[in-house]
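# Geometric and topological summary
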Amino acid sequence: MAKKAMSELAKEEQKLAIKLLIPTFIILLVIALYPLGQVFYTSFTNRTFAGTGTTEFVGLDNYQKLLAFSIEELPPVVDEETGKVKIDEETGEKVFQSPIQVLPRQPELHRPVYTFNFFGSKYVVGAVTPDFIRAVFNTIIFTVFSVLIETILGLGVALVVNSEFKGRGMMRAVMLVPWAVITVVSAKMWQWMFQPTRAGLFNMLLDKFGIGTGNFSFLTNPSLQMPAIIAVDVWKTTPFMALLLLAGLQLIPQELYEAAEVDGASKIRQFFTITLPLLKPSVAVALIFRTLDSLRVFDVFQVLLAQKRYSMASFNYFQLISARQMGMASAIGVIIFILIFFFALAYMKALGVDTE
Amino acid sequence: MRKYLLLVLALVLVVSFTAVGFAQDKTEITVAAGSVGKELELTQKAAQMYMEENPDVKVNVLSTPDLANDRLGLYLQFLEAKSPKVDVYQVDVIWPGDLAQHFIDLNEYGAEKVADNHFQEIVQNNTVNGRLVAIPWFTDAGLLYYRTDLLEKYDRKVPETWSELQETAKYIMEEERAAGNPDFYGYVWQGNAYEGLTCDALEWVFSNGGGTIVSPDKKITINNEKAIEAIDMAAGWVGDISPTGVTGMGEEDARKMWEAGNALFMRNWPYAYTLGNADTSQIKGKFDVAPLPAGDSGSSAATLGGWNLSVSKYSEHPEAAADFALFLASEKVQKMRAIEGSFNPTIKSLYQDEEVLEAVPFFGKLYEVFTNAVARPSTATAPKYNQASEIFFQGVHSVLTGESDATTAVQYMELDLKDLLGYETGEPRQP
């Protein structure tokens, strides 16, 4: 009897709770779910951005264009006179046909993304939208390296500002400055430092040390672009990482260290057996924050590289703004959404961040 | 205390309402304008002139991004939202075809009377289905800037072909470096992956007899020997007579290097002339302009640029906005802009105006260059010009940075353009 009364009371409370939650739900519906649904819907159409033409439903066409790829073997070039495989005289290697002759052209033209060797044969990976495939790779490389470096450096910084020293408060405030600068502003600053002439800081310094002739082109040389952009992000978000880890460090009770000291554990031992395990939840949260953030990276890429190299988000921007393909851009948005969703799930599983 | 608080609140309310009331008395219009070099300053000045003549109108000048592609992105966001926030847009010569449906027909607002005074090619370009969607404001053509003092010092003449330019640039660059300026380069231009590269590369290709990417009769013509040769030639400059960083340079980057005295030649638009002669410039009075060098075709080519003014269909005050746009494009303002900013007028008679010619002598000398400039294929590819141009500049950029060779790049350009436009291939148009 008592139990039933309880549940009735609980029901009442539940009803009240639902009533109280309705405003939040409505707001969520309007500002999050509605636009998301709109993007999903648009991704199945060929809508033009800021156009007045008719929009048609095209099904999965946009997704197919973005994700379709093919792998083809490149046949070696056969010399017509001798009937033998042609060998490059300078390098002594076999000459293969160019990807353009091998990749499929119907129904859509495939363009080469990457060629690789496997057991003496040469293969090419083709895609309909190679820029998108490259953008995905760029974003993942950017995310892995920047988050990794930020975590290591951030931990170092957090440990330093967590220890007792004179002017610690000041140090903690100063540490946050790069993070407080608006990304576009800091990216522009770095752009000046990366100038391809001696007017740029890095070229000037490298030149002083006798490396190069003062014209390293950090932002246009394909092999320097990614390191440059990762450096900017590391500089900017290490403080954020340090801040999150510092909060974690402060939660570790001092007694544990005192006990370890009494037991004669070295500082290094203390770090690995006390600090790291107890810091794990904070590291997990920080990692999730930063990874999901860098997967959406837009501003550094847009300012520093524009159309020279894309991240997923900046490619999305140019598809929308420059090519005016709103349907295609929406499909990219959906793919980014799904990708980030899976990353988040994987993180939660791997790091054991559960509700319990 | 409470009473006072209420009183203060009431006062604040009354004051703010009257402020709104006053503001509504004036018609407020906003012009989205460029800010490359002196542009913004001159637009603000023109707005001031207009406001003095029309005290009941308030004009706001909205500064927009330097790179044309970024500017278009911003405009599209306003237009997609049908926003009345911007009334007058400064639009590139390649956009009227793509954006026509968002703009009013200026002929209905009195442009008919003045249209005949402007260059007819541009008026034609801006007329879409019989509607004049943009009034010409200033025209542009690519020019070769050269250092008179250095050519004289080393006894060289102004290059007339690309190979002469290459040879002269290399020689003087090496001499100047040996003389103590290690940062000196022969030639700077616009090599970043953006619309500006389409302009530069079109000049190399067209002057070499390689056509105009897509010909006016809707044939794809880019895949040819002459085009490959021209793109290869430019790729050879990178890291040689041009800095490796040229593949990241826009107009302003090139101009800054030029004005610091670190380049012998520069390809740029006319606006750099006045700025180069400003007091802050290291090369004031030490340079002049000439037509760009010629390639195999034997004639020089300059890409037609220039900007126009359009009035948004979503404007709340189309009449005031159209009146202001026509004022900006009027002889009076164009003359002021020509004298103070070396912006090329689109009004023919101003090229005979003595004050204009005194301030910018090359307007008279290079009149032919401006009237014979080669247009980008924006009409033949409308409304997909932006995508077509992107295919072109990305392809050229990949050759400049060494990621691809020119032969493959033009093959892909051809295939991509076929995909995009569905046109046949054809023979390149000759100058």
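Quick caveat, the model's predicted, so the values are computed rather than measured.

When helices and strands are tallied, chain A shows 14 helices and three strands. Against the 2.2 N^0.38 benchmark of 21 Å for 356 residues, chain A shows a C-alpha radius of gyration of 27 Å, more extended than a compact globule. Dimensions of chain A, computed from C-alpha atoms along their principal axes, come out at roughly 95 × 65 × 45 Å. Residue burial in chain A is summarised as follows: out of 356 residues, 30% are buried. For chain A, long-range pairs separated by at least 24 residues make up 60% of all intrachain contacts whose partners lie at least 6 apart in sequence.

Another point: the overall build of chain B. Helix and strand counts for chain B stand at 20 helices and 13 strands. Looking at chain B as a whole, 51% of its 431 residues qualify as buried. Contacts spanning at least 24 positions in sequence make up 73% of the contacts within chain B whose residues lie at least 6 apart.

Listed under "domain: ABC transmembrane type-1" (unreviewed entry) in the UniProt record, and renumbered for this structure, are residues 136–347 of chain A. When the span residues 136–347 of chain A is considered, its composition is 78% helix and 0% strand, and the gap between its end C-alpha atoms is 19 Å.

Let us now look at the domain arrangement of chain A. Interface size is commonly expressed as the accessible area that is lost once the parts come together. For chain A, the assigned domains are domain 1 (69–127) and domain 2 (131–351). Taking only C-alpha atoms, the centre of domain 1 of chain A and the centre of domain 2 of chain A are 38 Å apart.

What follows covers the pairing of strand β2 (residues 57–63) of chain B. Residue and element names in this part refer to chain B. Pairing of strand β1 (residues 27–33) with β2, which is carried by seven bridges, proceeds in the parallel orientation. Across the sheet, T30 pairs through a bridge with N60, a residue of β2. The handedness of the β1 to β2 crossover, carried by helix α2 (residues 39–53), is right-handed.

Residue and element names in this part refer to chain A. As recorded in UniProt, the feature "transmembrane region" (unreviewed entry) lies at residues 20–41, 140–161, 173–194 and 326–348. Between the first and last C-alpha atoms of residues 140–161 the distance is 31 Å; the span itself is 100% helix and 0% strand. Secondary structure over residues 173–194 splits into 82% helix and 0% strand, and the C-alpha atoms at its two ends are 27 Å apart.

Turning our attention to the nonpolar core. Core analysis: the largest hydrophobic core is formed by 166 residues, its most contacted members being L304 of chain A together with Y145, Y187, V188, I231, F265 and A325 of chain B. Excluding anything up to four places from it in sequence, A325 of chain B contacts V88, I135, L309 and V311 of chain B.

Right, let's talk about the domain arrangement of chain B for a bit. All names here are of chain B. Examined at the domain level, chain B breaks down into domain 1 (2–140 + 305–371) and domain 2 (143–303 + 375–425). The straight-line distance from the C-alpha centre of domain 1 to that of domain 2 is 30 Å. On the domain 2 side, the residues contacting the 21 residues of domain 1 number 23 residues. Counting residues per element, the ones that place at least two in the side of domain 1 that touches domain 2 are α3 (68–80), α4 (96–99) and α14 (331–341).

Once that is clear, we can look at the packing of helix α4 (residues 130–162) of chain A against helix α11 (residues 267–295) of chain A. Residue and element names in this part refer to chain A. Where α4 meets α11, the axes come as close as 9 Å, and the angle between the chain directions of the two elements is 150 degrees. The handedness of the crossing between α4 and α11 is right-handed. From α4, T139, F142, T143, S146, V147, E150 and T151 reach across to α11, where they touch L287, R290, T291, S294 and L295. Grouping the amino acids of the contact of α4 with α11 by side-chain chemistry returns four nonpolar, six polar and two charged.

Moving on: the sheet that holds strand β10 (residues 263–268) of chain B. Residue and element names in this part refer to chain B. Spatial strand order, β8-β10-β7-β11: four strands in an open sheet with mixed pairing. The outermost strands of the open sheet, each flanked by one partner alone, are β8 (185–188) and β11 (287–290). Taken pair by pair, the neighbouring strands of this sheet meet at an average axis angle of 15 degrees, ignoring direction. Pairing of β8 with β10 involves three bridges; the strand directions are parallel. Looking at the pairing, V188 lines up with M266 of β10.

Our focus in this paragraph is the sheet that holds strand β1 (residues 69–74) of chain A. Residue and element names in this part refer to chain A. The antiparallel open sheet is built from three strands, whose spatial order is β1-β3-β2. Edge strands, defined here as strands with exactly one partner in the open sheet, are β1 and β2 (111–118). Pairs of neighbouring strands in the sheet enclose a mean axial angle of 25 degrees, with direction left out of account. In the sheet, β1 pairs with strand β3 (residues 121–127) via six bridges, with the strands oriented antiparallel. Opposite F69, over in β3, you have A127 as the bridge partner.

Turning to the environment of L153 of chain A, a few remarks are in order. Residue and element names in this part refer to chain A. One can find L153 in helix α4. Here L153 falls in the partly exposed class, since 17 other C-beta atoms lie within 10 Å of it. For the pair formed by L153 and P239, sequence separation is 86 residues and the distance between their alpha carbons is 9.0 Å. Not counting residues within four places of it along the chain, the set of residues in contact with L153 comprises V234 and T238.

A few words on α14 of chain B. All names here are of chain B. Listed as buried for α14 are V333, Q334, R337, A338 and G341. The buried residues of α14 all sit within an arc of 135 degrees when viewed along its axis, so they share a single face. On its buried face, α14 is in contact with α2, β6 (135–141), α12 (272–276), α13 (318–328) and α15 (354–359). Remark: S342 follows α14 within two positions and exhibits a positive phi of approximately 45 degrees.

Turning next to unusual backbone geometry. All names here are of chain B. For the bond running from A382 to P383, omega is 0 degrees, close enough to zero to count as cis. One non-glycine residue, D155, lies in the positive phi region at around 55 degrees. Residue position: D155 is located in the loop between α7 (148–153) and α8 (162–178). For D155, a count of 6 C-beta atoms within 10 Å corresponds to the exposed category. Within the chain, K218 stands out as a residue other than glycine whose phi angle is a positive 60 degrees. Residue placement: K218 occurs in the loop between α9 (195–207) and β9 (219–220). A residue is classified by how many C-beta atoms lie within 10 Å of it, and K218, with 15 of them, is partly exposed.

We now examine the pairing of strand β3 (residues 88–92) of chain B. Residues and elements named next belong to chain B. Counting buried positions over the five residues of β3 gives five, a clear majority of the element. Of the two faces of β3, the one carrying V88, Q90 and D92 and the one carrying Y89 and V91 are both buried. Sheet topology note: the β1/β3 ladder contains two bridges and is parallel. Paired with A32 across the strands is Y89, a residue of β3. Judged from the five bridges that link them, β3 and strand β12 (residues 304–311) form a sheet pairing that is antiparallel.

Thresholds, definitions, all that
- Residues numbered from 1 in each chain as written.
- Chains lettered and ligands numbered in written order.
- Predicted model: local features only at pLDDT ≥ 70, side-chain atom pairs only at ≥ 80, totals over all residues.
- Helix = DSSP H or I, 4+ residues; strand = E, 2+ residues; numbered from the N terminus.
- Rg over C-alpha atoms; globule rule 2.2 N^0.38 Å.
- Buried ≥ 20, exposed ≤ 12 C-beta atoms within 10 Å, placed from the backbone.
- Contact = placed C-beta atoms within 7 Å.
- UniProt positions renumbered as here; feature names shortened; annotations may be inferred.
- Domains from an automatic or database assignment.
- Pairing = 2+ DSSP bridges.
- Right-handed = clockwise from strand over helix to strand, strands pointing away.
- Core = buried A, V, L, I, M, F, W, Y, C linked by C-beta atoms within 7 Å.
- Axes fitted to C-alpha atoms, helices over the stretch in contact; angles between N-to-C directions.
- Left-handed = near helix turned anticlockwise from the far one by under 90°.
- Nonpolar A, V, L, I, M, F, W, Y, C, P; charged D, E, K, R; others polar.
- Arc of directions from axis to C-beta.

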